[in-house]
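Examination of the molecular architecture
Chain by chain, the residues run as shown.
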Amino acid sequence: MITTNVQRHGTVLVCVTGTLDEDAGPALQRALDGVTVGERDLMVDLHRAESMDVDGLLHLLALHRRAESLGLRVLVVGWQPQPQQLLADVAGIRGRHSATGERYAVAGFRRLIEERAQRARDLSDFGAGWLSGV
């Protein structure tokens, strides 16, 4: 379950509370509904995001992509230990607490994470399907 609190003052501020998982997509995408010309930035605050799985990461990446297509600069702040570590693990960055929100904002890094997260989900789906067929 995820809740978002969206505020608009030249910056679209999305405060995420709960778990970023497969159900997070619609709430995150609604955050950009009605973006106006006067809004230049999207700030996603994860201070209250308890956890994140690969599906949640893919939804966060889709939000990032959509915001950029609308001409918004994106900043993700307040990374909590588990989501931050998931991001580092998916990116293949070794070491405890090695991912940073600043790195996430780089578009090339976003694409790398997106590809690896998709691959991780595909492998997970393949494993689940293979096990259910046994």
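This is a predicted model, so every value here is computed, not measured. (Residues numbered from 1 in each chain as written. Predicted model: local features only at pLDDT ≥ 70, side-chain atom pairs only at ≥ 80, totals over all residues. Heavy atoms only, no water.)

**Brief notes about the pairing of strand β2 (residues 11-20)**
- Bridge count between β2 and strand β3 (residues 41-52): 9 bridges; the pairing is parallel. Within β3, the position partnered with C15 by the bridge is D45.
- The parallel pair β2 and β3 is bridged by helix α1 (residues 25-30), and the resulting crossover is right-handed. (Pairing = 2+ DSSP bridges. Helix = DSSP H or I, 4+ residues; strand = E, 2+ residues; numbered from the N terminus. Right-handed = clockwise from strand over helix to strand, strands pointing away.)

**Observations regarding the environment of G18**
- Along the chain, the position of G18 falls in strand β2.
- Judged by its relative accessible area of 7%, G18 falls in the buried class.
- Residues G18 and H47 lie 29 residues apart in sequence; the distance between their C-alpha atoms is 9.9 Å. (Buried < 20%, exposed > 50% of the residue type's maximum accessible area, 1.4 Å probe, protein only.)

**Let's talk about the pattern of salt bridges**
- On inspection of all chains with the given rule, the structure shows 3 salt bridges.
- A salt bridge links R121 to D55, with the nearest nitrogen and oxygen atoms 2.9 Å apart. With R121 in helix α5 (residues 107-132) and D55 in helix α2 (residues 54-69), the pair connects residues that are 66 residues apart, well separated along the chain.
- Among the residues examined, R121 registers a relative accessible area of 29% and is labelled partly exposed.
- Residue D55 is classed as buried on the basis of its relative accessible area of 18%. (Salt bridge = Lys/Arg side-chain N within 4 Å of Asp/Glu carboxyl O.)

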